[in-house]
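So the chains spell out like this:
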Amino acid sequence: MKMNKKLLGEERRKKVLQWLKESESPLSGNSLAKRANVSRQVVVGDITLLKAKNEPILATAQGYIYIHPNKETNKIRKVIICHHTAEDTQKELEILVDHGVTVKDVMVEHPVYGYITAQLQIANRYDISLFLQKMGETSSVPLSNLTNGTHLHTIEADSEQQLNSAILQLKNEGFLVDIP
């Protein structure tokens, strides 16, 4: 839905926030820019300003997501430690999503910067393909390259069984780090 007139300043930021709040799925910077009849870079600036006002907006490979703070969830979360090569990233993510698990983020413990976290919000194979496509288009490397393949994920599912089943398969593939 492209608007005819260019939205300006505060009016545009209010609309961007409204669109994010109403959306059930991530919205790309390009799609928000088209709706507001401005450039993607203007939207990136708007998102920065909204986040500075403590709006809970996450930037993911799929687009921007508004995190509804009062939204009740019955999902079960765990943090897991994984280790694998960059080439095994797709396989690791597929194992998780094929068990109905959402990969919320990736974290690495850097010796200088401490924990570095990136939001992923990967819930299915389509999300994986978008993530890998963006990595390729930008010539990016996984955060785990900073730590020789070791990284953490916050994972989430509807049931403990889904999490345990995914974790077991990761362990069988040699991707899971055993904690003594």
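Sequence order as written defines residue numbering, which begins from 1 separately in each chain. A pLDDT threshold of at least 70 governs which residues receive local features in this predicted model, and a stricter bar of 80 or more applies before side-chain atom pairs are shown or counted, although totals over entire chains, interfaces and linings include all residues. Side-chain measures here rest on the full set of heavy atoms in the structure, leaving out hydrogens and waters.

Chemist: Explain helix H2 (residues 29-36) to me, please; I cannot follow it from the model alone.
Modeler: With a 1.4 Å probe rolled over the protein chains alone, any residue whose accessible area is under 20% of its type maximum counts as buried; one over 50% counts as exposed, and the rest are partly exposed. Strands are runs of DSSP state E lasting at least two residues, helices are runs of H or I lasting at least four, and both sets are numbered from the N terminus onward. For H2, the full list of buried residues reads Gly29, Leu32, Ala33 and Ala36. An end-on view of H2 places all buried positions within 100° of arc, on one side of the element. Elements in contact with the buried residues of H2: helix H1 (9-22), helix H3 (40-52) and strand E2 (63-66). Looking one or two residues past H2, Asn37 carries a phi angle of roughly 60°, positive in sign. An arc is given here, and it is the one of the directions from the helix axis to the C-beta atoms. By the convention used here, residues are in contact when the closest approach between their heavy atoms is within 4.5 Å.

Chemist: Where do I start with the pattern of salt bridges in this structure?
Modeler: Proximity of charged atoms lets side chains of opposite charge pair with each other. Criterion for a salt bridge: a side-chain nitrogen of Lys or Arg within 4 Å of a carboxyl oxygen of Asp or Glu. Scanning the entire structure with this criterion turns up eleven salt bridges. A salt bridge links Lys104 to Glu156; its shortest N-O distance comes to 3.7 Å. Residue Lys104 is located in strand E4 (residues 102-110), and its partner Glu156 is located in strand E6 (residues 150-157); the two are separated by 52 residues in the primary sequence. One continuous salt-bridge network, built from bridges that share partners, spans Glu10, Arg12, Arg13, Asp46 and Lys53.

Chemist: Honestly, the packing of helix H4 (residues 89-98) against helix H5 (residues 125-137) in this entry has me stumped. Any pointers?
Modeler: Packed helices, taken two at a time, are described by their axes: the angle between them and the distance between them. Where H4 contacts H5, the two axes come as close as 9 Å, and the packing angle between them is 160°. Relative to H5, H4 is oriented roughly antiparallel. Helix-helix and strand crossings are classified by hand; for H4 and H5 the assignment is right-handed. Here Thr89, Gln90, Leu93, Glu94, Val97 and Asp98 of H4 come into contact with H5, specifically with Arg125, Ile128, Phe131 and Leu132. Only Asp, Glu, Lys and Arg are considered charged, only Ala, Val, Leu, Ile, Met, Phe, Trp, Tyr, Cys and Pro nonpolar, and every remaining residue, Gly among them, polar. Within the contact of H4 with H5, the residues separate by chemical class into five nonpolar, two polar and three charged. Fitted lines through C-alpha atoms serve as axes, helices being fitted only where they are in contact, and the angles separating the N-to-C directions of these axes extend from 0 to 180 degrees. Orientation categories follow fixed angle ranges, with anything under 35 degrees roughly parallel, anything over 145 roughly antiparallel, 65 to 115 roughly perpendicular, and all other angles oblique. Each crossing gets its handedness from the near helix: less than a right angle anticlockwise from the far helix is left-handed, clockwise is right-handed.

Chemist: Before we go on, may I ask you to explain the UniProt feature "domain: Helix-turn-helix type" (unreviewed entry) in the chain in this structure?
Modeler: The feature "domain: Helix-turn-helix type" (unreviewed entry), as given by UniProt, occupies residues 12-65 in the numbering adopted here. Taken end to end, residues 12-65 is 59% helix and 13% strand, and its first and last C-alpha atoms sit 17 Å apart. UniProt positions are given in the numbering used here, feature names are shortened, and annotations may be inferred rather than shown by experiment.

Chemist: Which parts of the structure should I look at to understand unusual backbone geometry?
Modeler: If a residue is not glycine, its phi is most likely negative; likewise, a peptide bond is most likely trans. The phi dihedral of Gln121 is positive, around 55°, even though this residue is not glycine. Of the residues examined, Gln121 reaches a relative accessible area of 13% and is grouped as buried. Here Asn148, not a glycine, exhibits a phi torsion of approximately 55°, which is positive. Its place among the elements puts Asn148 in the loop between H5 and E6. Looking at Asn148, the relative accessible area reads 68%, which means it is exposed.

Chemist: Please clarify how H4 should be interpreted in this entry.
Modeler: Every α-helix carries 3.6 residues per turn, so stepping three or four residues along brings you back to the same face. The buried count for H4 comes to seven of ten residues, which makes it a mostly enclosed element. Buried within H4 we find Thr89, Glu92, Leu93, Glu94, Ile95, Leu96 and Val97. For H4, the secondary structure elements touched by its buried residues are strand E3 (76-83), E4, strand E5 (114-122), H5, E6 and helix H6 (160-172). Among the residues trailing H4, Gly100 stands out with phi positive, at a value near 80°.

Chemist: Explanation requested: the pairing of E6 in the structure shown.
Modeler: Burial within E6 is extensive, with seven of its eight residues counted as buried. As paired strands, E3 and E6 are joined by eight bridges and run antiparallel to one another. Note that in E6 the partner of His83 across the bridge is Thr150. Both E4 and E6 contribute to a ladder of five bridges, which runs antiparallel. When the bridges of E6 are listed, Val103 appears paired with Ile155. We call two strands paired when DSSP finds no fewer than two bridges between them.

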